[in-house]
Amino acid sequence: MPGNDGYYGATLQSAISSGQVSQATLNTAVSGILTEMFGFGLFDKAPTGSPDQSATSGTDTSDALNLAEEGTVLLKNSGGVLPLGSADSSVAVIGADASTSPLTAGGGSASVNSSGTVTPLQGITAAAPGGVTVNYNAGTSNSSAASLAASSSVAVVFVGQRRVRGQRPEQHRPVQLGELADLGGGGGQPEHGGGAQHRLGGHHALALLGQGRP
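Residues numbered from 1 in each chain as written. Predicted model: local features only at pLDDT ≥ 70, side-chain atom pairs only at ≥ 80, totals over all residues. Heavy atoms only, no water.

Caption draft 1: Representation of the overall build of the chain in the model. The helix and strand tally for the chain stands at 5 helices and 6 strands. Ordering the α and β elements of the chain from the N terminus gives α-α-α-β-α-β-α-β-β-β-β. In the chain, buried positions account for 26% of the 214 residues. A separation of at least 24 residues holds for 61% of the contacts in the chain among residues at least 6 apart in sequence. Looking at the chain as shown, the accessible area adds up to about 13300 Å², and 53% of this sits on carbon and sulfur atoms. (Helix = DSSP H or I, 4+ residues; strand = E, 2+ residues; numbered from the N terminus. Buried < 20%, exposed > 50% of the residue type's maximum accessible area, 1.4 Å probe, protein only. Contact = heavy atoms within 4.5 Å. Areas by Shrake-Rupley, 256 points an atom, 1.4 Å probe, with all protein chains shown as cover.)

Pasting the structure below:
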């Protein structure tokens, strides 16, 4: 395997040689990758197009939307918080990932240059019906974020994590939101995930986690 991030390269070779990792384990992992590559014709079909080619047609944008929707997983919806209802008159959107630092693509080969990014804050604001107030807090101050959340019908907290090529999982750089558990002001810990739900100061809160890659 290419790379030498502490798991692959020479480290993996040594682990296989010593018996720490079996050849069967390696074969199983590699076969999953190669099966997909063969399935998409990467070995027997000449490549077409270019990484610099624009992909902004109606079909392209529809495919991108479908991929984004299929890649979103609702981990928990306790109490039927979702979908939001008419009683939710104000929404607090918290976290830089919702506005100034949206996670729009994965790392490495998953990176793309977007022709038009709609941030979560922009999307929520546009989708909010008339009479619903949407307020934003970057989340750099837990106290101010908690204050906004407590004064809103529902708080939507965005937490992102960028994975840098060559880093081990424990070295990934978290992006927002300080100490998310502190938002409750008393030890409450929202469950991270693409839709996990938690009570925050008597109000509903949704925690959404954006990952660059698994």
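Caption draft 2: Local environment of helix α5 (residues 142-150). Taken residue by residue, α5 has A145, A146, L148 and A149 as its buried positions. Here the buried residues of α5 occupy an arc of 160° about the axis, which is enough to place them on one side. (Arc of directions from axis to C-beta.)

Caption draft 3: Local environment of the side chain of S90. Summarising the element assignment, S90 is placed in strand β1 (residues 90-94). Assessed through its relative accessible area of 13%, S90 is described here as buried. Of the polar contacts made by the side chain of S90, one reaches the backbone nitrogen of S153; its length is 2.9 Å. The residues contacting S90, other than those within four sequence positions of it, are V132, T133, S151, S152, S153 and V154. (Polar contact = N/O pair within 3.5 Å; in protein donor to acceptor, adjacent residues only side chain to side chain.)

Caption draft 4: Highlighting the packing of aromatic side chains. Per the counting criterion, the structure on display carries 1 aromatic pair. When the centroid spacing of 4.4 Å and the interplanar angle of 35° are considered together, the rings of F38 and F43 count as tilted. Classification of F43 as partly exposed rests on a relative accessible area of 46%. (Phe/Tyr/Trp six-rings, centres within 6.5 Å; stacked < 30°, edge-to-face > 60°.)

Caption draft 5: Representation of the pairing of β1 in the model. β1 sits mainly inside the fold: 5 of its 5 residues count as buried. Note: β1 against strand β2 (residues 133-137), 5 bridges, orientation parallel. Residue pairing in the sheet places A92 in a bridge with N135 of β2. (Pairing = 2+ DSSP bridges.)

Caption draft 6: A nonpolar patch on the surface, seen in detail. A cluster of nonpolar side chains, namely L34, F38, F40, L42 and F43, defines an oily patch on the protein surface of about 560 Å² accessible area. With respect to the secondary-structure elements, F38 resides in helix α2 (residues 23-39). (Patch = residues over 30% accessible without salt bridge, like charges linked within 9 Å, V, L, I, M, F, W, Y side chains within 5 Å. Salt bridge = Lys/Arg side-chain N within 4 Å of Asp/Glu carboxyl O.)

Function-wise, these values are silent; they only describe arrangement.
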